[in-house]
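What follows is each chain in one-letter form.
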Amino acid sequence: MKNTSAAINVLGDISPAQFLKEYWQKKPLLIRAAFPDLKPVLSAKKLFAMAKRDDVESRLICAFDQHWDMSNGPFSALPDTSKDEWTLLVQGVNLHDKAADSLLRRFNFIPNARLDDLMISYATNGGGVGAHFDSYDVFLLQAHGRRRWRIGAQKDLSLIEGMPLKILRRFVPEQEFELEPGDMLYLPPHYAHEGVAIGECMTYSIGFRAPSFQELGEAFLNFMVDTIELAGRFSDPDLKLTKHPAELSASMLSKVQDQLEQIKFTHSDMTIFLGEYLTEPKASVFFDSPKKPFAPMRFKSEACKKGLVLSLKTQMLYKGGHIFINGESFVVSAADGIPLKKLADERAILPETLRACSDDVFEAFCIWYEDGWLELCDNN
Ligand code: SIN
Ligand code: CO
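Pairing between the strands of a sheet comes from backbone hydrogen bonds, and it takes one of two forms, parallel or antiparallel. Overall, antiparallel pairing links the 3 strands, which are arranged β11-β12-β13 in an open sheet. Looking along the sheet, the strands with just one partner apiece sit at the ends: β11 (316-319) and β13 (328-331). Here the average twist between neighbouring strands, direction ignored, is 20°. Relative to the sheet, helix α8 (residues 334-346) contacts β11 and β12 (322-325), its axis offset from that of β11 by approximately 130°.

Structure (structure tokens):
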């Protein structure tokens, strides 16, 4: 079984600790030869095939005279590669391709809760998505061919109206870099940028997630719907006669307010909410169950020989005794927590660790295996 943790720094001479202190969410960083021997994880042909699938999010952007046309996949056909100025963006490649997942995991000096996906763009000469800003941090890794990036710290982030994608009304570039295969540019959120392909090229965007507080608040209230329990019912034995039957009385309002102010949430509610929210698979994600799953006893003996690995689509996090996987959560004992947390951190678990796991842990593993969340290792 391969060690999936980030063994080699991808930040050149800069350590992850220095990067977090000086650059992360603060200022751009260009890293020449961040991946000196980078082999593209997918050929353009395979990327085009992915863009045909309806469980893969893809977009096609064609530029002409400072105008952009955008359409959403799946695409049964794409423009000819000899035609200039078009870009294909394929989101979440890591969910479908092992090599893309391994590349994304090289960035695990940033916690998994912040890591989003690996997007791959293919562009023909002159292709790009226009001058824009993103709301998230991004590492732009040049995988094939060359791309010219122009970037700027402008405060004016107003957009051209009526465009199918976000294009800055006034782009004021301050720096320009030409990226070769293996070079990487980090940009913090809201940093203006424009990348233009010099000849045919492929760029990988390692993207991060930062949910808005509005999004979190709405999801939290939904979560609380399932957790609140309020006893009793409104009553008014003290009801007074009124000349205004349509008027909502102050007494009714304050009684309801007093009761609803009893709704409290604890730190544990917040932990469970956030863990379940952050591991919830995206709407487009479907797990593939094994065609002929082993029965539980056979599964256990196979797992103890081969080891287990999380499916590329599985999201797993933990906090204290809480384990979160694909939107579900469990509370486990300290002993059971050890292998489960190891699995969450390393996304794989070795046979020797598995042999020491309790029946409860194996029962969970077996269900996850049947659901396609977890797989038997095949490279052992
Ligand atoms: C691209 O790869 O063409 C666009 C990536 C970005 O600007 O965020
Ligand atoms: Co961008």
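Further notes follow.
What follows covers the coordination of the cobalt ion (ligand 2). Protein-derived ligands of the cobalt ion (ligand 2) are His 132 (NE2), Asp 134 (OD) and His 193 (NE2), with the metal-ligand distances lying across 2.0 to 2.1 Å. All donor residues of the cobalt ion (ligand 2) come from one chain, and their arrangement in sequence is H-x1-D-x58-H. By relative accessible area, which is 10% here, His 132 ends up buried.

The next thing to look at is the packing of aromatic side chains. With the rule as written, the count across this model stands at 27 aromatic pairs. The structure contains a cluster of three or more aromatic residues connected by ring pairs, namely Phe 19, Tyr 23, Trp 24, Phe 35, Phe 107, Phe 109, Phe 139, Tyr 186 and Phe 208. Stacked on the ring of Tyr 23, the Lys or Arg Lys 27 has its end atom at 5.1 Å from the ring centre. Over the face of the ring belonging to Phe 133 we find Lys 166, whose NZ or CZ atom lies 4.2 Å from the ring centre.

Within the open sheet, the 3 strands sit side by side as β14-β10-β15. Their pairing is antiparallel. In the strand order of this sheet, the two ends are held by β14 (348-349) and β15 (374-376), each with one partner. The pairing of strand β10 (residues 308-310) with β14 spans 2 bridges and is classified as antiparallel. Looking across to β14, one finds that Val 309 is bridged to Ala 348. In the packing of helix α10 (residues 359-370) onto the sheet, contacts are made with β10, β14 and β15, and the angle to β15 comes to roughly 95°.

Along the chain, the position of Ser 121 falls in strand β5 (residues 115-123). Since its relative accessible area comes to 6%, Ser 121 is described here as buried. Counting along the chain gives 21 residues from Ser 121 to Gln 142, while the straight-line C-alpha distance between them is 9.9 Å. Ignoring any residue separated from it by four or fewer positions in sequence, one finds Ser 121 in contact with Thr 87, Leu 88, Leu 89, Arg 147, Cys 201, Met 202 and Thr 203.

Before going further, it helps to spend a moment on helix α7 (residues 296-306). Side chains that are three or four residues apart share a direction in an α-helix, a result of its 3.6 residues per turn. Within α7 the residues assigned to the buried category are Phe 299, Glu 302, Ala 303 and Cys 304. For α7, the elements touching its buried residues are β10, α9 (351-355), α10 and β15. Gly 307 lies just past α7 and shows a positive phi near 90°.

As a further point, take the side chain of Asp 97. Examined against the element boundaries, Asp 97 turns out to sit in the loop between β4 (86-90) and α3 (98-105). Lys 46 is the oppositely charged side chain nearest to the buried, salt-bridge-free Asp 97, at an N-O distance of 6.4 Å. Polar contacts involving the side chain of Asp 97 include one to the main-chain amide nitrogen of Ala 99, which spans 3.1 Å. Those residues in contact with Asp 97 that sit more than four places away from it in its chain are Val 41, Leu 42 and Leu 312.

A few words on the pattern of salt bridges. On inspection of all chains with the given rule, the structure shows 17 salt bridges. Across the pair Glu 176 and Arg 148 runs a salt bridge, and its minimum N-O distance is 3.8 Å. Linking Glu 176 in strand β7 (residues 175-179) with Arg 148 in strand β6 (residues 138-152), this pair joins segments that are 28 residues apart in sequence. Judged by relative accessible area, which is 30%, Arg 148 ranks as partly exposed.

Turning our attention to unusual backbone geometry. Negative phi characterises most residues that are not glycine, and trans characterises most peptide bonds. The residue after Gly 73, namely Pro 74, is reached through a cis peptide bond having omega 5°. Topologically, Pro 74 is positioned in the loop between β3 (67-72) and β4. Even without being a glycine, Gln 25 presents a positive backbone phi close to 65°. By the element assignment, Gln 25 lies in the loop between α1 (16-22) and β1 (29-31). For Ala 33, which is not glycine, the phi torsion reads 50° and is therefore positive. Along the polypeptide, Ala 33 turns up in the loop between β1 and α2 (44-50).

What follows is about a negative patch on the surface. A cluster of like negative charges, contributed by Glu 280, Glu 328, Glu 370 and Asp 371, occupies part of the molecular surface. For Asp 371, the position within the fold is in the loop between α10 and β15.

Here we come to the site of ligand 1. The environment of ligand 1 is formed by Ser 121, Val 129, His 132, Asp 134, Leu 140, Arg 147, Trp 149, His 193, Thr 203 and Ser 205. In this structure, an oxygen atom belonging to ligand 1 sits 3.4 Å away from a side-chain N or O atom of Arg 147. The side chain of His 193 places a nitrogen or oxygen atom 3.2 Å from an oxygen atom of ligand 1. Its free accessible area being 260 Å², ligand 1 has 95% of it covered by the protein chains. Of all the secondary structure elements, the ones that give two or more residues to the shell around ligand 1 are β6 and β9 (192-208). For the shell around ligand 1, the per-class residue count stands at 3 nonpolar, 5 polar and 2 charged.

Rules behind the numbers
Residues numbered from 1 in each chain as written. Chains lettered and ligands numbered in written order. Predicted model: local features only at pLDDT ≥ 70, side-chain atom pairs only at ≥ 80, totals over all residues. Heavy atoms only, no water. Pairing = 2+ DSSP bridges. Helix = DSSP H or I, 4+ residues; strand = E, 2+ residues; numbered from the N terminus. Axes fitted to C-alpha atoms, helices over the stretch in contact; angles between N-to-C directions. Contact = heavy atoms within 4.5 Å. Donors = N, O, S within 2.8 Å, 3.2 Å for Na, K, Ca; no water. Buried < 20%, exposed > 50% of the residue type's maximum accessible area, 1.4 Å probe, protein only. Phe/Tyr/Trp six-rings, centres within 6.5 Å; stacked < 30°, edge-to-face > 60°. Lys NZ or Arg CZ within 6 Å of the ring centre and 35° of its normal. Lys, Arg positive; Asp, Glu negative; His and termini not counted. Salt bridge = Lys/Arg side-chain N within 4 Å of Asp/Glu carboxyl O. Polar contact = N/O pair within 3.5 Å; in protein donor to acceptor, adjacent residues only side chain to side chain. Patch = residues over 30% accessible without salt bridge, like charges linked within 9 Å, V, L, I, M, F, W, Y side chains within 5 Å. Areas by Shrake-Rupley, 256 points an atom, 1.4 Å probe, with all protein chains shown as cover. Charge placed at Lys NZ, Arg CZ, Asp CG, Glu CD. Near = heavy atom within 4 Å. Nonpolar A, V, L, I, M, F, W, Y, C, P; charged D, E, K, R; others polar.

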